[in-house]
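# Fold and geometry: a report
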Protein chains: 2
Amino acid sequence: MRRAAAPGRGSATIEVVAGQAGVSPKTVSRVINNERGVRAETRERVLTAIQQLDYQPNLAARGLAGDRSFLIGLFYDQPGDYLSEFQTGAVQRCREANLHLMVEPLEAASPDVGRDLSTLIRQLRLEGVILLPPLSDLPAVQAILAAADIPAVHIAPMHAQDDAPSVDTDDRAAVRQLTTELLQRGHRRIGFMLGRAGHRATEQRYLGFADAMHASGLDIDPQLVQAGNFEFAEGLECARRMLGCHPRPTAIFASNDDMAAAAVSAARQMGLALPRQLSVVGFDDAPVATMVWPQLTTVRQPVREIGRVAAELISQYQPHRQGWPRPVPRRHLPLELVLRGSIAPAPRDC
Amino acid sequence: MRRAAAPGRGSATIEVVAGQAGVSPKTVSRVINNERGVRAETRERVLTAIQQLDYQPNLAARGLAGDRSFLIGLFYDQPGDYLSEFQTGAVQRCREANLHLMVEPLEAASPDVGRDLSTLIRQLRLEGVILLPPLSDLPAVQAILAAADIPAVHIAPMHAQDDAPSVDTDDRAAVRQLTTELLQRGHRRIGFMLGRAGHRATEQRYLGFADAMHASGLDIDPQLVQAGNFEFAEGLECARRMLGCHPRPTAIFASNDDMAAAAVSAARQMGLALPRQLSVVGFDDAPVATMVWPQLTTVRQPVREIGRVAAELISQYQPHRQGWPRPVPRRHLPLELVLRGSIAPAPRDC
DNA sequence: AGTGAAAATGTCAGCGCTGTCAATCAGCCT
DNA sequence: AGGCTGATTGACAGCGCTGACATTTTCACT
């Protein structure tokens, strides 16, 4: 039995469009889905009808009939600026591909991470997922995804999977270059503040630092390498420990801007004049980078662009062909060095 | 013709569950949708079958048959910490209600804001939307929503609509209290830095300041009220202008922490000792509040909780009854004052 | 003009649920 | 026991679209 149509809501159906264009519903469907095998003139006619009727295909019906969902999942562990920038980029790209993005929190540390993910995937029938670090490196997550045969794009994974595309930036080179800037300004004792364990960024940024030091024939004083976790409070402790060393470092490279800001703060509290007595470098070009004085020399990440690219990669997956194009796509996005007032030549008296 | 089922993907259908439980599919449907009129014992049997088969109803099919989408839209204009905290809370609540959240950027300033919104609503067939400021005050947006008959929850709207629920916090009272703290410490010349025009927060926070000043019989020096826009850079300018006044203010109340941090920075650059020569107060308890020295006295917003409540309100809408419960739900969430080192007694010599 | 192959278009069932309404059942009264 | 009422349950079509396959059209070439 035919029920009353919802009043006003929703738009015309595909049949109405077909009538208006003088073709069968199937042909309209072909046009909507951009299938080949429709004469240009016919396509034009259909498109016109769609416009005239302001027709929007019914997602649920398309999904049910075609066994699709048009949904991409974006999973994150930590809310924050990074996430919201990233998702803004990803949504933009999804719109162009006529996909939609479901942004979902997922606790990396929770023992239920697998079950939670699994439920979401099956409930939403996601066509693909994007994993933000550190989720991109969780074996439990990868297992679920593989079992469900869901394509995943990993953002800055520590260990790139052979069969999973990834997007990252060359943090190592950027840190190497910025460390070299410090070396060129005469710094020899440089402290390094590590990020949270288990992140690619943590590893790569340190390696870049080591690269530059070794290339200049300098040894790294283990006392001057402190384990932070990307957070300000921890950065404060690290900085204090470093600045308590003798001889004191003349520069500190922090793995992100929050910790760099902490270094600035700690130094100031110890009465040091910045940047004369201490140079500080950070990473991310976070808002705080321009909120401290002197403003931080840092590295700008194109976060929104990374989001855009991640969404683009997902849409390259061919479900019914062989899956990912070969070789599996990997994108490395360029980083931009941002030189600001927080670095200066090394003091003489050191 | 029956096509081959997708291999492995997806779960059992409602028919399989019905078979296992020895009831008709319709009864399973009743249980899933929590309809009344199912005997407790029958319900139990169905639930068991669902568990055993790990059945997940097909969203697309439910949507198509029931003319629903199970989707709530969250629209934002500005990415950032606020957004990502908010959405985390909203998603949590949505999960409990078996709804899903689509987070979508929408440029408030764009002339296409209406068209963009309209497309999204019709494409996704959203069942409700949450509007973050300043979208919550855009007439164009409200018109679209009303025309499409979509329930909307407004977050911190300037002008609460009679027929639209809203969630907000009593910024006015919080600022009044904190201003009083300054007054009690002997401050008389207090500068106030406004937020971006068009936000409820901007208006309410200023009113709270004015309340406290007037309650103490003090006049507000127009020179000491400067128009910022919630951003650090602008805050820096505002602070410089204020601190250039004679006599200099002994305290500055900024409408958010970024601008308060700017005030700290500006004061420091002018050689003032903080908090001895200048007290500073912010709002939000943003990360930067504990990254500057001295740490900012501020107001903590329960952002995640606001998100949760917004999602809860949306699910109170009764599409086929009279719409919103009466009176239209409005929630005011409590704010927490956070007293930190950035305020001190007013200096004598002023 | 006639032929065959490829291109374009159409037909129709069915995706997995839920709305409508009909059928059945349990409990209660006379 | 029979009849009545309200509570449960079931039968069935159809939501709007797309997959598989059938049919028609087009067009190059004989």
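This one's a predicted model, so the numbers in the text were calculated from it and none came from an experiment. (Residues numbered from 1 in each chain as written. Chains lettered and ligands numbered in written order. Predicted model: local features only at pLDDT ≥ 70, side-chain atom pairs only at ≥ 80, totals over all residues.)

All names here are of chain B. Its 13 residues give helix α11 (residues 257-269) an end-to-end C-alpha distance of 18 Å, which sits within 8% of 18 Å, the value for a rise of 1.5 Å per residue. Among the 13 residues in α11, eleven count as buried, and that is most of the element. Against the buried residues of α11 lie β6 (190-194), α10 (232-243), β8 (251-254), β9 (279-281) and β10 (298-300). (Helix = DSSP H or I, 4+ residues; strand = E, 2+ residues; numbered from the N terminus. Expected span 1.5 Å × (residues − 1). Buried ≥ 20, exposed ≤ 12 C-beta atoms within 10 Å, placed from the backbone. Contact = placed C-beta atoms within 7 Å.)

So, on to the pairing of strand β2 (residues 100-105) of chain A. Residue and element names in this part refer to chain A. Counting buried residues in β2 gives five out of six residues, a clear majority hidden from the surface. Where strand β1 (residues 71-76) and β2 come together, six bridges link them in parallel fashion. Bridge pairing in β2 places L71 opposite H100. The handedness of the β1 to β2 crossover, carried by helix α5 (residues 81-96), is right-handed. (Pairing = 2+ DSSP bridges. Right-handed = clockwise from strand over helix to strand, strands pointing away.)

In this section: the confidence of the model for chain A. Per-residue confidence for chain A averages 93 on the pLDDT scale, and 96% of its residues sit at or above 70. Segment residues 1-8 of chain A: pLDDT under 50, and one contact once partners within four positions in sequence are set aside and those in other chains are kept. (pLDDT = per-residue confidence, 0-100.)

Once that is clear, we can look at the sheet that holds β9 of chain B. All names here are of chain B. If you walk across this open sheet you meet the four strands as β7-β6-β8-β9, and the pairing is parallel. Of all strands in the sheet, those bounded by a partner on one side alone are β7 (225-227) and β9. If you compare each strand with its neighbour and ignore which way they point, the axes differ by 15° on average. Two strands pair when backbone bridges link them, and β6 and β8 are joined in this way by four bridges, in the parallel orientation. If you follow G191 over to β8, its bridge partner there is I252. (Axes fitted to C-alpha atoms, helices over the stretch in contact; angles between N-to-C directions.)

Here we come to the interface of chain B and chain A. Contact residues are listed per partner, giving 41 residues for chain B and 42 residues for chain A. Secondary-structure elements contributing two or more residues to the side of chain B that touches chain A are α4 (59-66), α5 (81-96), β2 (100-105), α6 (113-124) and α11 of chain B. Broken down by element, the residue count for the side of chain B that touches chain A peaks at seven residues, all from α5 of chain B.

Our focus in this paragraph is unusual backbone geometry. The omega torsion of the bond from L274 of chain A to P275 of chain A falls at 0°, within 30 degrees of zero and hence cis. Tracing the backbone shows P275 of chain A in the loop between α11 (257-269) and β9 (279-281). With an omega of -10°, the peptide bond between H246 of chain B and P247 of chain B qualifies as cis. Positionally, P247 of chain B belongs in the loop between α10 and β8. Even without a glycine there, the phi angle at A156 of chain A is positive, about 45°. When you line up the elements, A156 of chain A lands in the loop between β4 (152-155) and β5 (166-169).

DNA strand C sits among 28 residues. The nearest are S24 of chain A together with I14, S29, A65 and G66 of chain B. Broken down by secondary-structure element, the contributors of at least two residues to the surface near DNA strand C are α2 (25-32) and α4 (59-66) of chain A together with α2 (25-32) and α4 of chain B. The element contributing the most residues to the surface near DNA strand C is α4 of chain B, with five residues. Across the surface near DNA strand C, the residue classes break down as 13 nonpolar, nine polar and six charged. (Near = placed C-beta within 6 Å. Nonpolar A, V, L, I, M, F, W, Y, C, P; charged D, E, K, R; others polar.)

Quick look at helix α7 (residues 139-148) of chain A now. Along an α-helix, residues three or four apart share an orientation, since each turn contains 3.6 residues. Residues and elements named next belong to chain A. Looking only at α7, the buried set comprises V141, I144 and L145. Seen from one end, α7 has its buried residues packed into an arc of 95°, which puts them on one side. Along α7, the residues that are exposed and aim more than 90 degrees away from the buried face are P139 and A147. On its buried face, α7 is in contact with α6 (113-124), β3 (128-131) and β4. A positive backbone phi angle near 60° is found at D149, which sits one or two residues after α7. (Arc of directions from axis to C-beta.)

For DNA strand D, the set of nearby residues contains 29 residues, the closest of which are I14, S29, A61 and A65 of chain A together with S24 of chain B. The greatest single-element share of the surface near DNA strand D, amounting to five residues, is contributed by α4 of chain A. Residue composition of the surface near DNA strand D, by class: 14 nonpolar, nine polar and six charged.

Attention shifts here to the nonpolar core. Counting 93 residues, the largest nonpolar core has I72, I130 and A310 of chain A together with I72, I130 and A310 of chain B as the members making the most contacts within it. Here I72 of chain A is in contact with C94, L99, L101, L126, E127, G128, V129, I130, A311 and I314 of chain A, once residues within four sequence places are set aside. Ranked by size, the runner-up nonpolar core spans 88 residues in total, among them F232 of chain A together with F192, L194 and V281 of chain B. (Core = buried A, V, L, I, M, F, W, Y, C linked by C-beta atoms within 7 Å.)

For chain A, the assigned domains read domain 1 (14-57), domain 2 (71-168 + 303-333) and domain 3 (171-301). A separation of 33 Å is found between the C-alpha centroids of domain 1 of chain A and domain 2 of chain A. (Domains from an automatic or database assignment.)

What follows covers the sheet that holds strand β8 (residues 251-254) of chain A. Two pairing modes exist for strands in a sheet, parallel and antiparallel, and in both the strands are linked by backbone hydrogen bonds. All names here are of chain A. The four strands are arranged β7-β6-β8-β9 in an open sheet whose pairing can be described as parallel. In the strand order of this sheet, the two ends are held by β7 (225-227) and β9, each with one partner. Direction aside, the axes of adjacent strands within the sheet are offset by 15° on average. Sitting on the sheet, helix α8 (residues 171-184) is in contact with β6 (190-194), β8 and β9, with an inclination near 170° to β9.

When chain B is fitted to chain A, the best match, at an RMSD of 0.1 Å, comes from turning it 180° and sliding it 0.1 Å along the axis. Seen this way, the second copy is the image of the first under a two-fold rotation axis. Using C-alpha coordinates, one finds that chain B approaches the rotation axis most closely at A60 of chain B, a distance of 2.2 Å. Both copies contact each other with a shared surface, as 100% of the interface residues of chain B are interface residues in chain A too. (Least-squares fit on C-alpha atoms with pLDDT ≥ 70 in both.)

Bringing the packing of helix α1 (residues 14-21) of chain B against α2 of chain B into the picture now. Helices that pack against each other are described as a pair by the angle of their axes relative to one another and the distance between those axes. All names here are of chain B. Taken N-terminus to C-terminus, the directions of α1 and α2 make an angle of 100°; their axes are 8 Å apart at the nearest point. Between α1 and α2, the angle falls in the class roughly perpendicular. Contact residues: α1 offers I14, E15, V17, A18 and A21, while α2 offers P25, T27, V28 and S29. Broken down by class, the residue content of the contact of α1 with α2 amounts to six nonpolar, two polar and one charged. (Parallel < 35°, antiparallel > 145°, perpendicular 65-115°, else oblique.)

Let us now look at the environment of A212 of chain B. Residues and elements named next belong to chain B. Following the sequence through the fold, A212 ends up in helix α9 (residues 200-215). Owing to 22 C-beta atoms within 10 Å, A212 belongs among the buried residues under this scheme. Taking the C-alpha atoms as reference points, A212 and T180, separated by 32 residues in sequence, lie 5.9 Å from one another. Setting aside residues up to four positions removed in sequence, A212 forms contacts with R176, T179, T180 and L183.

Residues and elements named next belong to chain B. Tracing the backbone shows V17 in helix α1. Between the C-alpha atoms of V17 and Q322, which are 305 residues apart in sequence, the distance is 35 Å. In contact with V17, other than residues within four places in its own chain, are A12, V28, V46, A49, I50, L53 and Y55.

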